Amino acid sequence: MGALLKKPILFGFIIGILFLVLCIFVPIPMYDGIFRYDYELVHIQTEGKVALSYYFGVGLERIRSNGLLPSQIELKPIGYALFVLIHVGLPALIAIRVKMSNARKAYTDHSTSPEIEKPADE
């Protein structure tokens with residue numbers, strides 16, 4: 001783990017992949033989206049929270065309406081923005097935090113080390 005923390009970009013990338021895998025396999029509805037239901041000649045459109053797992057068929061029974069599954073699920077623009085903030089911005093923020101922590105630690109280690117003696121000019 002210590003070697004991984006010395007490479008903050010790799011650490012942020014791994015955190016981002018873990019968030020994405022978690023959201024794909026666990027139905028966590030957090031993105032704003034639109035559900036479209038079709039029943040014969042009736043087309044109904046509702047807004048609600050969408051989970052990434054719905055696109056892969058996991059947890060669809062939660063959004064069943066009158067026994068119908070949605071025929072189409074799409075994200076609203078704010079849903080796309082939230083997706084980018086969570087799956088790109090949060091891992092980038094974690095990587096920046098780790099990099100700054102490493103830099104602060106290197107600075108304190110360097111500043112507390114004994115200085116090299118300077119030769120006398122005389």
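The text that follows walks through the structure, step by step, so that each part is easy to find. Keep in mind it's a predicted model, so treat the numbers as computed, not measured.

Description of the environment of Met30
- Position of Met30 among the secondary structure elements: in the loop between α2 (8–25) and β1 (31–39).
- As for Met30 and Val50, which are separated by 20 residues in sequence, their C-alpha atoms are 6.0 Å apart.
- With sequence-adjacent residues up to four places away left out, Met30 is seen in contact with Cys23, Lys49, Val50, Leu82 and Ile86.

A few points about the pairing of strand β3 (residues 72–75)
- The two faces of β3 differ: Ile73 and Leu75 on one face are buried, but Gln72 and Glu74 on the other face are not.
- One ladder, built from four bridges, connects β1 with β3; its direction is antiparallel. Bridged to Ile34 within β3 is Glu74.

Brief notes about a nonpolar patch on the surface
- On the surface, Leu10, Phe13, Ile14, Ile17, Leu18, Val21, Leu22, Phe25, Val26 and Ile28 cluster together into a nonpolar patch covering about 880 Å² of accessible area.
- Take Phe25: it is sitting in helix α2.

Some words on the sheet that holds strand β2 (residues 42–50)
- One open sheet holds the three strands; their spatial order is β2-β1-β3, and the pairing between them is antiparallel. Each edge of the sheet is formed by a strand with only one pairing partner; in this case those strands are β2 and β3. Averaged over all pairs of adjacent strands, the angle between their axes in this sheet comes to 20 degrees, without regard to strand direction.
- Relative to β2, β1 runs antiparallel, the two being bridged by nine bridges. Considered in β2, the bridge of Asp38 is made with His43.

Some points on the nonpolar core
- Grouped together as the largest cluster of nonpolar side chains are 12 residues: Cys23, Tyr31, Phe35, Tyr37, Val50, Ala51, Leu52, Tyr54, Leu60, Ile63, Ile73 and Leu75.
- Broken down by secondary-structure element, the contributors of at least two residues to this core are β1 and β3.
- If one sorts the elements of this core by residue count, β1 sits on top with three residues.
- Each residue touching Ala51, except ones within four places of it in the same chain, is listed here: Pro27, Ile28 and Pro29.

About the criteria used
Residues numbered from 1 in each chain as written. Predicted model: local features only at pLDDT ≥ 70, side-chain atom pairs only at ≥ 80, totals over all residues. Heavy atoms only, no water. Helix = DSSP H or I, 4+ residues; strand = E, 2+ residues; numbered from the N terminus. Contact = heavy atoms within 4.5 Å. Buried < 20%, exposed > 50% of the residue type's maximum accessible area, 1.4 Å probe, protein only. Pairing = 2+ DSSP bridges. Patch = residues over 30% accessible without salt bridge, like charges linked within 9 Å, V, L, I, M, F, W, Y side chains within 5 Å. Areas by Shrake-Rupley, 256 points an atom, 1.4 Å probe, with all protein chains shown as cover. Salt bridge = Lys/Arg side-chain N within 4 Å of Asp/Glu carboxyl O. Axes fitted to C-alpha atoms, helices over the stretch in contact; angles between N-to-C directions. Core = buried A, V, L, I, M, F, W, Y, C linked by side-chain atoms within 4.5 Å.

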